[in-house]
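Chain and residue survey
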Amino acid sequence: FNHSCLPNCQQAWDGDQGTMRISACTQIQEGDELCIDYIDVRQSRDQRQFELRQKYGFECSCPACAAPREGSDERRINMAKFDQEI
């Protein structure tokens, strides 16, 4: 699985089975690449790019990283804050 900041799959460790489970989290069409997130994608684009370069040696070019920044970073950071409050 490759990385995307807008993944179409999510991974979860099943400790009882000792396996990683991958589930679709969006509609996936035949031929679509299956992607998961390697990092917390609720960071700013600059933070995500830095972490991916440091840990995995690549720069992300997914739709979220290629799109204009207007509002995206703020929304992602707010999602992380809301998650911490819950």
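On a predicted model such as this, the values are computed, not experimentally measured, just so you know. (Residues numbered from 1 in each chain as written. Predicted model: local features only at pLDDT ≥ 70, side-chain atom pairs only at ≥ 80, totals over all residues. Heavy atoms only, no water.)

Turning next to the pattern of salt bridges. A pair can form between side chains of opposite charge whenever their charged atoms are brought close. One pass over the structure, following the stated rule, counts five salt bridges. In this structure, Asp40 and Arg42 form a salt bridge, with 2.9 Å as the shortest nitrogen-oxygen distance. Taken together, the shared-partner salt bridges connect Asp40, Arg42 and Asp83 into one network. (Salt bridge = Lys/Arg side-chain N within 4 Å of Asp/Glu carboxyl O.)

Attention now goes to the packing of aromatic side chains. Considering all chains together, one arrives at three aromatic pairs under this definition. Both rings, one in Tyr38 and one in Tyr56, keep their centres 5.0 Å apart while their planes meet at 55°; by these two values the pair is tilted. Of this pair, Tyr38 sits in the loop between β4 (35–36) and α1 (45–56) while Tyr56 sits in helix α1, and the two are 18 residues apart along the sequence. What makes Tyr56 partly exposed here is its relative accessible area of 41%. On the numbers, 6.2 Å between centres and 90° between planes, the contact of Tyr38 with Phe58 is edge-to-face. Of this pair, Tyr38 sits in the loop between β4 and α1 while Phe58 sits in the loop between α1 and α2 (63–66), and the two are 20 residues apart along the sequence. Judged by its relative accessible area of 27%, Tyr38 is partly exposed. Through a chain of ring-to-ring contacts, three or more aromatic side chains come together here, namely Tyr38, Tyr56 and Phe58. (Phe/Tyr/Trp six-rings, centres within 6.5 Å; stacked < 30°, edge-to-face > 60°. Helix = DSSP H or I, 4+ residues; strand = E, 2+ residues; numbered from the N terminus. Buried < 20%, exposed > 50% of the residue type's maximum accessible area, 1.4 Å probe, protein only.)

Now for helix α3 (residues 72–85). For α3, which comprises 14 residues, the first-to-last C-alpha distance of 20 Å matches the rise-based estimate of 20 Å (1.5 Å per residue) to within 8%. Taken residue by residue, α3 has Ser72, Asp73, Arg76 and Ala80 as its buried positions. Down the axis of α3, the sector holding all buried residues measures 105°, keeping them to one side. Residues of α3 that are exposed and point more than 90 degrees away from the buried face comprise Glu74, Arg75, Phe82 and Glu85. Those residues of α3 hidden inside the fold are in contact with α1 and α2. (Expected span 1.5 Å × (residues − 1). Arc of directions from axis to C-beta. Contact = heavy atoms within 4.5 Å.)

In terms of nonpolar packing, the biggest core is built from eight residues, these being Cys5, Ile39, Val41, Leu52, Cys60, Cys62, Ala64 and Cys65. In contact with Cys65, other than residues within four places in its own chain, are Cys5, Arg45, Arg48, Gln49 and Cys60. (Core = buried A, V, L, I, M, F, W, Y, C linked by side-chain atoms within 4.5 Å.)

A few words on the confidence of the model for the protein chain. Per-residue confidence for the protein chain gives a mean pLDDT of 91; residues scoring 70 or more make up 98%. Looking at the elements of the protein chain, mean pLDDT is at its lowest for α3, recorded as 79, and at its highest for β4, recorded as 97. (pLDDT = per-residue confidence, 0-100.)

Take the state of the cysteines next. A complete count under the given rule lists zero disulfides for this structure. The closest cysteine sulfur to the non-disulfide-bonded Cys9 is located on Cys25, 6.3 Å from its own sulfur. Relative accessible area serves as the criterion here: at 5%, Cys9 is assigned to the buried category. Sulfur of Cys62: no disulfide; nearest cysteine sulfur belongs to Cys60 and is 3.4 Å away. Owing to a relative accessible area of 7%, Cys62 belongs among the buried residues under this scheme. (Disulfide = S-S within 2.5 Å.)

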